[in-house]
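Letter by letter, the chains look like this.
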Amino acid sequence: MTSSQDHKKVGGAPIVLSIDAMGGDLGPEAVVSGMARSAKANRDIRFLVHGPESRLQKLIERKKPLAGRCEIRNAPDVVSMQDKPSQVMRQGQGTSMWSAIESVRDKQATVAVSCGNTGALMALSMIRLRKLPGVNRPAIAVLWPSRNPQGFNVMLDVGADVRADAEDLLQYALMGVSYARNGLDLQRPRVGLLNVGTEEHKGRSELKAAHELIGKAATRAQFDFVGFVEGGDLPGEACDVIVTDGFTGNVALKTGEGTASLIGDRLKEAFAYSPLSRLASLLALTSLRRLKKKIDPRRVNGGVFLGLNGTIVKSHGSADATGVSAAIKLAFQLAQSDFSDRLEARLASITDIQQDIAPELDMSEESPK
């Protein structure tokens, strides 16, 4: 495969993904192993792999499913978890992260996947890909396991920016709706705004303002706004898209992942307690495996950067081969659905929606209480 090969394929032909092989906690070995799992499961994937060529060549040659399906882009430097985003923006041109993003910018790959430093990845993505028109702050969206028929809820932002005013939260709602339509095939998603209670008088002033903005935009943008939701609704059936600021979303995400891991550990301890409990675990083995898959955070690994001229999937820094493979699967699904183009079309309406609802808000503010 040559670098000039068109990145967009039709009719079931291969889709090229850009992989930052460096920067994760477990090193390129975990990334290449995850690529091999994905390649074995899906013959339509090809990879542009970024990192030190000599090291990556050896790792890739050991994985038979990757034979003839990778092109290595030599990038000798690595963005560490300790590097400051400002430093990476000034001095990161030789890094695997920069190279991976550049492949998406140059249309040589459809989606980039990285396990690296989140702040640096977002900063570089904003500089190299640029924000879509009408977007103030990009967001990171994740799929949260839920009781809904589709099996997941979309939550954003989970860490792109700790701040968010009312207009930012409106944009997150519109981006989340687009993700739910394209990623979960929901034609009219239900949107909830995360708060400390469902009553309209609760919460900070920007949440109350966002409640009004999102409610006014719902009809024009063709989604249903259910109002405020609480933390207990994240895995629930109250809505399909959960909107919040990056600080709250990131804390919720990591709390959920930690809780899932704790449940798994406690189950292991319980079934190893006595010979009888070990026998019981054998009898329940099939059910336990099914439960493990449902609560395993690695299997829903991958946050999507929304609001940029290109799609970036952020994998956990601690992801093993299973986690990396899950992030690659998500990237492939987004590439296959032309998600970036569809999101751009959806976000093009943000300015019109905000202009349309502004007069209504001004009139409501002037009306007697």
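Residues numbered from 1 in each chain as written. Predicted model: local features only at pLDDT ≥ 70, side-chain atom pairs only at ≥ 80, totals over all residues. Heavy atoms only, no water.

K.L.:
So what's going on with the environment of V31? Residues and values would help.
P.N.:
Take V31: it is sitting in helix α1 (residues 27-41). Taking relative accessible area as the criterion, V31 reaches 3% and is therefore assigned buried. Between the C-alpha atoms of V31 and L59, which are 28 residues apart in sequence, the distance is 9.9 Å. Look past the residues within four positions of V31 in its chain and what remains in contact with it is I19, D20, A21, C115 and V324. (Helix = DSSP H or I, 4+ residues; strand = E, 2+ residues; numbered from the N terminus. Buried < 20%, exposed > 50% of the residue type's maximum accessible area, 1.4 Å probe, protein only. Contact = heavy atoms within 4.5 Å.)

K.L.:
An account of the packing of helix α6 (residues 166-184) against helix α7 (residues 205-221) is requested, with residue identities and associated values reported.
P.N.:
Each pair of packed helices gets described by two things: the angle between the helix axes and the distance between those axes. One can describe the packing of α6 onto α7 by two numbers: an axis separation of 8 Å at closest approach and a directional angle of 40°. With respect to α7, the axis of α6 lies oblique. As for the relative orientation of α6 and α7, their crossing is right-handed in sense. Contact residues: α6 offers A166, E167, L169, L170, A173, L174 and R181, while α7 offers E206, L207, A209, A210, L213, I214, A217 and A221. Residue classes in the contact of α6 with α7 are distributed as 12 nonpolar, no polar and 3 charged. (Axes fitted to C-alpha atoms, helices over the stretch in contact; angles between N-to-C directions. Parallel < 35°, antiparallel > 145°, perpendicular 65-115°, else oblique. Left-handed = near helix turned anticlockwise from the far one by under 90°. Nonpolar A, V, L, I, M, F, W, Y, C, P; charged D, E, K, R; others polar.)

K.L.:
Account for the confidence of the model for the protein, naming residues and giving values.
P.N.:
Should the pLDDT be low somewhere, the predicted coordinates at that spot are not to be read in detail. Per-chain confidence: the protein averages 84 in pLDDT, with 86% of residues scoring 70 or above. Strand β9 (residues 241-243) holds the highest mean pLDDT among the elements of the protein, 97, whereas helix α13 (residues 350-366) holds the lowest, 58. The low-confidence segment residues 1-11 (pLDDT under 50) makes 18 contacts with residues lying over four places distant or belonging to another chain. This stretch, residues 363-369, has a pLDDT under 50; its non-local contacts, to residues over four places away or in other chains, come to 2 contacts. (pLDDT = per-residue confidence, 0-100.)

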